[in-house]
Amino acid sequence: MEATVPGHADTHAHGHHGHPPSGLMRWVTTTNHKDIGTMYLWFSFAMFLVGGMMALTIRSELFQPGLQILEPERFNQMTTLHGLIMVFGAIMPAFVGFANWMIPMQIGAADMAFGRMNNWSFWLLPPAATLLVTSLFVPGGAAAAGWTLYAPLSVQQGMGMDMTIFAVHILGMSSIMGSINIITTILNLRAPGMNLMKMPLFVWTWLITAFLIIAVMPVLAGAVTMILTDRHFGTSFFNAAGGGDPVLFQHVFWFFGHPEVYIVVIPGFGVVSQVVSAFSRKPLFGYASMVYATASIAVLSFFVWAHHMYTVGMPVGGQLYFMYATMLIAIPTGVKVFNWIATMWRGSLSFETPMLFSLGFIFLFTMGGFSGLVLAMAPVDVQMQDTYYVVAHFHYTMVAGALFSAFSATYYWLPKWTGHMYNEKLGKVHFWLSLIFFNMTFFVQHFLGLAGMPRRIPDYALQFTEFNQISTIGAFGFGLSQLLFLYNIITCIKGGPKAPAKPWDGAEGLEWDLPSPAPYHSWETQPTVK
Ligand code: CU1
């Protein structure tokens, strides 16, 4: 029997409003959370490849000392775009894609709260990405101030910087609207009986993340707008000659930037919590403490921003405050790692690809956390600021953190999305190659940084050669390994073996109990203009 929603009796696929659009128009006009989630995920993967090509260009230049393939200006444009594209084009859209697909199913809602805003949130992304990438081809090229767009350099550069500013504004609009949608969906559309402390961890972590996004994306928008008015409208926010202060930009940027690193990784905490529980065949250990730990991390993330700025000349009292505040975050993070391990303790463990990526996440993200503790110490950071040690540190949190948890989520939910199983053997090969090549790329960068190699410089002293060559070979290995992932996904979608309703034979979450028909077009469930 077909369920009818009161007031929406004429919402069948072939109702009185004509046929739903097909082909390209279906994707352009869709309001269905699964369609939109799918678009987010493919967009994210495309950006992952674009940002990855830029990373490989950077690593190619760094294979040897001296200048080989890039002018210094181009090199800096590559680091800028690689960072912006990976953060705003690849990782954030990937997790908004997972949110679209899974949050309605995990809370028992029919769809996201605002279907059309959801559509718009997605379709803002391709123009923003186009602006970023095509900024390479304008006179002067893309912004070369690094992804942090520090003033005064960003005030002085060519029009590629204006395109970057506009792109950041659009990306901010997209993620703010996405967050409004996620918060409204979670707070209003939960199935009866699902109170907040019964929600799956992925839902909880996204609820917290969405508040972070709404709090800090406007701060970034403000920062780049001030750059824009300094560039074109005669203000001097960051121009010392006009009475401004370039360090002010760093304060505003990092007030956004530090919470942003948690925006990138907190939904991954949710994924790992659910995957570890499913593959341990046990409920998550310490559910409530997990929620409170995540919320504590989010709150603390607003009070530590100047740990990125120990060397700007702040007073020792300021350094001490930001040092201890930063170290405080290790406590809720430790609670989470403890809970994941306690969940596995005496569980009935199995090690399929999603679990492998989650375990890789826990181990490597913890390493990134430890190098973060090292960098948090002001006297140590003075030595490490702007060296490859920092690059190594944040790639352990961004790649082994956010990216590995995104891989874990993809393999975990792929049978739910497609009705098919992926190739498990190939998935495991993808994991092990990714793990080995990731460490080959980034572990050696700790040594480079400790030895004093600066970041964002295309040339280096001879003694850094060997570690750089190891890193570059690792990066190409890592990049090529991702083609296995792409191949596995495509063959799964095109008809891998049929997936059982609960493929993981364990503590799968609520979403696995709900029927998951192929995405239908929900155009006609929306009010239409008469
Ligand atoms: Cu930070």
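What you are looking at is a predicted structure, and each value in this text was computed from that prediction instead of being measured.

Peer 1: Even after reading the chapter, I still don't get the overall build of the chain, so can you show me in this structure?
Peer 2: What the chain contains, in helices and strands, is 17 helices and zero strands. Taken along its principal axes, the extent of the C-alpha atoms in the chain is 70 × 60 × 45 Å. A separation threshold of at least 6 residues defines the contact pool for the chain, and within that pool the share at least 24 residues apart is 83%. When the accessible area of the chain is evaluated, it comes to approximately 21400 Å², of which 71% is carbon and sulfur surface.

Peer 1: In this structure, what is going on with the side chain of H430? I would like to understand it.
Peer 2: Following the sequence through the fold, H430 ends up in helix α16 (residues 424–450). Among the polar contacts made by the side chain of H430, one reaches the side chain of Q482 at a distance of 2.7 Å. Contact partners of H430, with chain neighbours within four places excluded, come to F357, F407, Y411, S481, Q482, L484 and F485.

Peer 1: Would you explain helix α3 (residues 72–107) in this entry?
Peer 2: Each α-helix winds once per 3.6 residues, and so residues spaced three or four apart point in a common direction. End to end, α3 covers 50 Å across 36 residues, agreeing with the expected 52 Å (1.5 Å per residue, within 8%). A large share of α3 lies buried, amounting to 32 of its 36 residues.

Peer 1: How do you make sense of the coordination of the copper ion when you look at a structure like this?
Peer 2: When four donors bind a metal tetrahedrally, each ideal donor-metal-donor angle is 109.5 degrees, and when six bind octahedrally, the ideal angles are 90 or 180 degrees. Surrounding the copper ion are the protein donor atoms H258 (ND1), H307 (NE2) and H308 (NE2), which sit 1.7 to 2.0 Å from the metal. Here the donor residues of the copper ion are spaced in sequence according to H-x48-H-H. Of this pair, H258 sits in helix α9 (residues 246–280) while H307 sits in the loop between α10 (287–300) and α11 (316–328), and the two are 49 residues apart along the sequence. Note on accessibility: H258 and H307 belong to one class, buried.

Peer 1: Would you mind showing me how to read the nonpolar core here?
Peer 2: Proteins that are soluble and globular tend to have nonpolar side chains buried together. Membership of the largest hydrophobic core comes to 159 residues, with the highest contact counts inside it found for F88, F98, W206, F404 and W413. Ranked by the residues each element gives to this core, the list is headed by α3, at 21 residues. In contact with F88, other than residues within four places in its own chain, are P93, W147, L171, M217, L220, F256 and E260.

Peer 1: How do you make sense of a nonpolar patch on the surface when you look at a structure like this?
Peer 2: A cluster of nonpolar side chains, contributed by L187, L196, M197, F211 and Y292, occupies part of the molecular surface with about 470 Å² of accessible area. Relative to the assigned elements, F211 resides in helix α8 (residues 201–232). Judged by relative accessible area, F211 falls into the partly exposed class, the value being 45%.

Peer 1: Whenever I open this one, the pattern of salt bridges confuses me. Can you help?
Peer 2: Think of it this way: side chains of opposite charge can pair up when their charged atoms draw near. Following the criterion strictly, the structure yields three salt bridges and no others. In this structure, the salt-bridge partner of R231 is D162, at a minimum N-O distance of 2.8 Å. Placement of R231 in helix α8 and of D162 in helix α7 (residues 160–188) is noted, with a sequence separation of 69 residues between them. Measuring nitrogen to oxygen at the nearest pair gives 3.9 Å for the salt bridge that ties R455 to D386. Separated by 69 residues along the polypeptide, R455 in the loop between α16 and α17 (465–493) and D386 in the loop between α14 (378–384) and α15 (388–418) bring together distant segments of the chain. Look at R455 and you get buried, because its relative accessible area is 15%. Residue classification places D386 among the partly exposed residues on the basis of a relative accessible area of 38%.

Peer 1: Looking at this structure, how should I read the confidence of the model for the chain?
Peer 2: Low-confidence regions, as indicated by low pLDDT, have predicted coordinates that should not be scrutinised in detail. Per-residue pLDDT for the chain has a mean of 92; in total, 93% of the residues score no lower than 70. Scored below 50 in pLDDT, residues 1–16 shows twelve contacts in the model against residues more than four places distant or in partner chains. Note on residues 517–530: pLDDT under 50 across the span, and 35 contacts to partners over four residues away in sequence or across chains.

Peer 1: Please clarify how α8 should be interpreted in this entry.
Peer 2: For α8, built from 32 residues, the straight-helix expectation of 46 Å at 1.5 Å per residue is met to within 8% by its first-to-last C-alpha distance of 46 Å. At V216, α8 shows its largest kink, close to 25 degrees, and the proline P218 lies no more than four residues downstream. Directly beyond the C-terminal end of α8, a positive phi value near 80 degrees is found at G234.

Peer 1: How should the packing of α3 against α7 be read in this particular structure?
Peer 2: Packed helices, taken two at a time, are described by their axes: the angle between them and the distance between them. Where α3 contacts α7, the two axes come as close as 11 Å, and the packing angle between them is 15 degrees. Considered as vectors, α3 and α7 are oriented roughly parallel to each other. As for the relative orientation of α3 and α7, their crossing is left-handed in sense. Listed contacts from α7 to L84, F88, M92, A99, I103 and I107 of α3 are T164, L171, S175, I182, T185 and I186. Grouping the constituent residues of the contact of α3 with α7 by class yields nine nonpolar, three polar and no charged.

Peer 1: What am I meant to see in the side chain of D230 here?
Peer 2: Checked against the element boundaries, D230 lands in helix α8. One buried charged side chain, D230, makes no salt bridge at all; its nearest oppositely charged neighbour is R231, positioned 9.6 Å away. Of the polar contacts made by the side chain of D230, one reaches the side chain of T235; its length is 2.5 Å. Once you skip the residues sitting within four places of it in the chain, D230 turns out to touch V155, T235, S236, F237, F238 and N239.

Peer 1: How should the packing of aromatic side chains be read in this particular structure?
Peer 2: Between two aromatic rings, the relevant description is the distance of the centres plus the angle of the planes. The final tally for this structure, using the stated rule, is 48 aromatic pairs. Look at F249 and F253: their rings are 5.9 Å apart centre to centre, the planes differ by 25 degrees, and that puts the pair in the stacked class. With F249 and F253 both in helix α9 and four residues apart, this pair spans about one turn of that helix. Overall, F249 belongs to the buried group, its relative accessible area being 0%.

Peer 1: I tried to follow the packing of α15 against α17 on my own but got confused; where do I start?
Peer 2: Where α15 meets α17, the closest approach of the two axes is 11 Å, and the angle between their N-to-C directions is 15 degrees. The angle between α15 and α17 places the two elements in the roughly parallel class. Considering how the two elements wind past one another, α15 and α17 form a crossing that is left-handed. Here α15 contributes V399, L403, F404, F407, T410, Y411, L414 and T418 to the contact with α17, which in turn contributes F478, Q482, F485, N488, I489, C492 and I493. Partitioned by chemical class, the residues of the contact of α15 with α17 number eleven nonpolar, four polar and no charged.

Peer 1: Explanation requested: the environment of I331 in the structure shown.
Peer 2: Structurally, the position occupied by I331 is in helix α12 (residues 330–344). Judged by relative accessible area, which is 57%, I331 ranks as exposed. Separated by 130 residues in the primary sequence, I331 and A461 have C-alpha atoms spaced 39 Å apart.

Calculation criteria
Residues numbered from 1 in each chain as written. Predicted model: local features only at pLDDT ≥ 70, side-chain atom pairs only at ≥ 80, totals over all residues. Heavy atoms only, no water. Helix = DSSP H or I, 4+ residues; strand = E, 2+ residues; numbered from the N terminus. Contact = heavy atoms within 4.5 Å. Areas by Shrake-Rupley, 256 points an atom, 1.4 Å probe, with all protein chains shown as cover. Polar contact = N/O pair within 3.5 Å; in protein donor to acceptor, adjacent residues only side chain to side chain. Expected span 1.5 Å × (residues − 1). Buried < 20%, exposed > 50% of the residue type's maximum accessible area, 1.4 Å probe, protein only. Donors = N, O, S within 2.8 Å, 3.2 Å for Na, K, Ca; no water. Core = buried A, V, L, I, M, F, W, Y, C linked by side-chain atoms within 4.5 Å. Patch = residues over 30% accessible without salt bridge, like charges linked within 9 Å, V, L, I, M, F, W, Y side chains within 5 Å. Salt bridge = Lys/Arg side-chain N within 4 Å of Asp/Glu carboxyl O. pLDDT = per-residue confidence, 0-100. Bend = angle between axes of the 7 residues up to and from the residue. Axes fitted to C-alpha atoms, helices over the stretch in contact; angles between N-to-C directions. Parallel < 35°, antiparallel > 145°, perpendicular 65-115°, else oblique. Left-handed = near helix turned anticlockwise from the far one by under 90°. Nonpolar A, V, L, I, M, F, W, Y, C, P; charged D, E, K, R; others polar. Lys, Arg positive; Asp, Glu negative; His and termini not counted. Phe/Tyr/Trp six-rings, centres within 6.5 Å; stacked < 30°, edge-to-face > 60°.

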